[in-house]
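# Coordinates in review
Each chain, written out:
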Amino acid sequence: GLGPRRILHLAYERAHDREILRGLSSHRKYRGLFEQQQRPSAQVFFCLDEREESMRRALEEVNPSIETYSAAGYFGVAVDYTGIDDPHSSALCPVVVKPKHAVVERPKPEDSSLLERRRWRRRVLGLLMRNSFISSKTLLLGWLSTSVLGLLSAVPLIGHLLAPRRYALLRDRLNDAFLPEPRTELTLMRNTKESQDAVSGLLMGFTPEEKAERVASVLGPSGLVHGFARLVVIIGHGSSSLNNPLESAYDCGACGGRRGGPNARLFAAMANRKEVRQRLREQGIDIPPDTWFIGGYHDTCNDEIELFDLDSLPSTHQPDLESLRNSLDRARAQNALERSRRFESCPPDADADRALRHAKERSEHLGQPRPEYGHCTNSICIVGRRDLTRGLFLDRRAFLVSYDANFDPSNSGLSSLLSAAVPVCAGISLEYYFSFVDNDRYGCGTKLPHNVTSLMGVMDGHASDLR
């Protein structure tokens, strides 16, 4: 017969299933109440990540005229990406996918000299830091540098601990003053000569057909094939924290544990191309001329939202952008308030603005080992139209995938969605599930005493086995 642990486990799973299904069932009477009777003020795509479930709900609450969608956070754009400050490229796609295209962030022609100045200053700063690191290990210079640098390091240490948010603002201002930020663009276009010269064997950029295929792979299955708003925003996500060797576990799983901002920016740039829209129109996806796509990035730790390439936004869309920004600001504050109920250090009577400030402080605090504390409640994945769940409180437990079966008679769209969503969602959920069932054997123990060792693994304290 079944052992007691197995019986308890089955009972837990059954209770959990019934709780979820009852919630969805009781929500059916509200379906249709949220349908837009007029053109939406904006449409916003998020990652399917369960942390964006609360963000979508908050955005729809503060502005009911906004529609939200979800897709795997690499947005169909599997690329080998190199940013202007990156020493090497990174694969921004699920780990089961191997990118075939390379995309490089480059300065706009008028800002190329600014990039050279930035790189020179970064090189000087890197040499100073390296020399100080090496000199601290010599006999005479070690004594001198330790005395001098010890005094100097006390200033940022005190700032990090006593006023983390204000210190972060000061650091950002100094960075902006010392390291000029050039305006950049991405290598979208396929250049045959560069493709042939690429030593990595990757194709530089995309052809118009490939761009249209990537955009259609997200818009088509989600059902967004007509009725576009004037602004369509694609938001990738990641997480920032200081005292956390496992930080990449909080970044985008669909981007291979990296930050999905470049994918969102690349998708928006593709969707704004005229030749792409023409090909999409032939596939039944009719994007009107006055619709503009914007890429963005959401930091799920401090709830900051950044929008890209706004200098190319038509002036006719500026009022739409201001309205959207106002809605996003109110939504991220509400999102921070919902998150803060699990933070013991946040006052229980805090309002939304105070909760947002607290979230920012946590992300910059050296003494905060769990600054986000939100990527551990996932348990289900819901694939379907938004009217199944819009307005339903799912407590940041649900991966959400936008899918409209009315536009997918052959089920090919569903197949492609599940091939990306299942490995990502199941992998993330099982990590936390096994860690909770047996934290020492199936998980990695508590990360509080973890020391990164030889860039190979971690040790508990200073003398444990390598985990």
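Here, every reference points to the structure presented above.
Throughout this document, residue positions are counted from 1 along each chain, in the order its sequence is written. Local features in this predicted model are restricted to residues whose pLDDT is 70 or higher, and side-chain atom pairs enter the listing and the counts only when it is 80 or higher, whereas totals over whole chains, interfaces and linings include all residues. Side-chain numbers come from the whole structure's heavy atoms, not from hydrogens or water.

Pairing of aromatic rings covers Phe, Tyr and Trp, the last through its six-membered ring, and needs centres within 6.5 Å; plane angles under 30 degrees mean stacked, over 60 mean edge-to-face, and all others mean tilted. The full count for this structure, using the stated rule, is five aromatic pairs. Seen in terms of ring centroids, F228 and F293 are 6.5 Å apart; in terms of plane orientation they differ by 55°. Their pairing is tilted. With F228 in the loop between helix 7 (208–222) and strand 8 (231–238) and F293 in strand 9 (residues 292–299), the pair connects residues that are 65 residues apart, well separated along the chain. Aromatic pair Y433 and F434: ring centres 5.5 Å apart, planes at 65°, arrangement edge-to-face. Put simply, DSSP marks the helices as runs of H or I at least four residues long and the strands as runs of E at least two long, and each gets a number from the N terminus on.

Let us now look at the pattern of salt bridges. Salt-bridge detection follows one rule: a side-chain nitrogen of Lys or Arg within 4 Å of a carboxyl oxygen of Asp or Glu. Counting across every chain of the model gives 35 salt bridges. Of the charged contacts, one joins R118 and D85 as a salt bridge, the two residues approaching to 2.5 Å between their closest N and O atoms. A residue pair is termed long-range when its members are at least 10 positions apart, and R118 in helix 3 (residues 112–135) and D85 in the loop between strand 3 (79–82) and strand 4 (90–92) qualify at 33 residues. Using a relative accessible area of 25% as the deciding quantity, one classes D85 as partly exposed. Accessibility here uses a 1.4 Å probe with only protein chains present; expressed as a share of the type maximum, an area under 20% marks a residue as buried, one over 50% as exposed, and anything in between as partly exposed.

Turning to the sheet that holds strand 9, a few remarks are in order. DSSP calls a pair of strands paired once it identifies at least 2 bridges connecting them. One open sheet accounts for five strands, arranged 2-1-8-9-10; its pairing is mixed. Either end of the sheet is taken by a strand with one partner, and the two such strands are strand 2 (66–71) and strand 10 (305–307). Direction aside, neighbouring strands of the sheet carry axes that sit 25° apart on average. As paired elements, strand 9 and strand 10 share three bridges and run antiparallel to each other. Bridge pairing in strand 10 places G296 opposite L307. Two residues form a contact once any of their heavy atoms are found within 4.5 Å. To define axes, lines are fitted to C-alpha atoms, for helices over the stretch in contact only, and angles between the resulting N-to-C directions are given on a 0 to 180 degree scale. Each of strand 1 (42–47), strand 2 and strand 9 touches helix 7; the most contacted strand, strand 1, lies at about 105° to it. Along the sheet, helix 8 (residues 261–271) contacts strand 8 and strand 9; its crossing angle with strand 9, the most-contacted strand, is approximately 175°.

In short, shape yes, function no, at least from these values alone.
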